[in-house]
Amino acid sequence: MLKYTVRCHEFTAQAAHLTAEAASPDDPHEVTVDDEQNPAHVIVYTATGDIAALRIAQRHLTHLHARLAYANPGTVDRTAADIVYAEARTRAETLTAAQRKEESLYAIHSEDDELRMDALFDVMRERREIDL
C-alpha cells in the first residue's frame, strides 16, 4: 500500500505533482484533503498505482466540490456534477430511512451513480443511519 500526495488546483488533481511513499500501518488509509473549502493537497492510499491514485483523488475532489456547492450556494461555480449531487441529495432527504437503506444497496455503474450514492450516504451519515 502506498500513500500518494496529489497536488490540486481549483478542485482538479494535478498529475504533474504526484508523489508516493510507503504507507504507515498507523495511517488512517482514508482519502483526506488539507482544506475542504480550497484543497491544495489530497492524500490517497492505494496499492493499484499512480493512475488509480489520480482517479481516487479526482473523484474525492468532485464530491467535495458538489457538497460545497450544495451546502453553500455561490461559493463555487456550479458544475454538472454539482447538479447531479444536488438532485440526488434533495431526493435522498425525502426518502424514509428504510428507503435510503434499500437504495444504498444498488450497484454503481457510472460517475453520476457514484455522486448519487455519495449524496445518499451524506444524508444517511447526517441522520446517523450509518457509521461510515
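Residues take numbers from 1 onward in each chain, read along the sequence in its written order. Under the rules for a predicted model, residues below a pLDDT of 70 receive no local features and side-chain atom pairs below 80 are neither given nor counted, while totals for whole chains, interfaces and linings still include all residues. Neither water nor hydrogens contribute to the side-chain values; these are computed over all heavy atoms in the structure.

> Explain helix α4 (residues 111-126) to me, using residue names and the numbers behind them.
Because each turn of an α-helix spans 3.6 residues, side chains separated by three or four positions end up pointing in the same direction. Numbered from the N terminus, helices here are DSSP runs of H or I no shorter than four residues, and strands are runs of E no shorter than two. Take the number of residues in a helix, subtract one, and multiply by 1.5 Å to get its expected span. The terminal C-alpha atoms of α4 lie 23 Å apart, and with 16 residues this matches the ideal 22 Å at 1.5 Å per residue to within 8%. Note on classification: 1.4 Å probe, protein chains only; a residue is buried when its accessible area is under 20% of the maximum for its type, exposed when over 50%, partly exposed between these limits. For α4, the set of buried residues is Leu115, Met117, Asp118, Ala119, Leu120, Asp122, Val123 and Met124. Residue contacts are counted whenever heavy atoms from the two residues lie within 4.5 Å of one another. Residues of α4 that are buried in the fold lie against α1 (50-71), α2 (80-94) and α3 (97-103). Polar contacts here mean pairs of N or O atoms no more than 3.5 Å apart (in protein, one a potential hydrogen donor and the other a potential acceptor; neighbouring residues in sequence count only if both atoms are side-chain atoms). At the N-terminal end of α4, a side-chain oxygen is found 3.4 Å from the backbone nitrogen of Asp112, two or three residues along, and the residue is Ser110. Count one or two residues on from α4 and you reach Arg128, which has phi positive near 55°.

> Mind laying out the pairing of strand β4 (residues 41-46), listing which residues take part and the relevant values?
Among the six residues that make up β4, five are buried, leaving the element largely enclosed by the rest of the structure. At least two DSSP bridges between two strands are needed for those strands to be called paired. Strand direction decides the pairing type here: strand β1 (residues 2-9) and β4, joined by six bridges, are antiparallel. Looking at the pairing, Tyr4 lines up with Val44 of β4. Sheet topology places strand β3 (residues 32-33) next to β4; two bridges connect them, and they run antiparallel. Each bridged residue has a counterpart across the sheet, and for Val33 the counterpart in β4 is Val42.

> Can you break down the sheet that holds β3 residue by residue, with the values?
Strands sit in the order β2-β1-β4-β3 across an open sheet of four strands; the sheet is antiparallel. For this open sheet the edge positions go to β2 (12-22) and β3, each flanked by a neighbour on one side alone. Taken together, the seven bridges between β1 and β2 define a ladder with antiparallel strand orientation. Bridge pairing in β2 places Tyr4 opposite Ala20.

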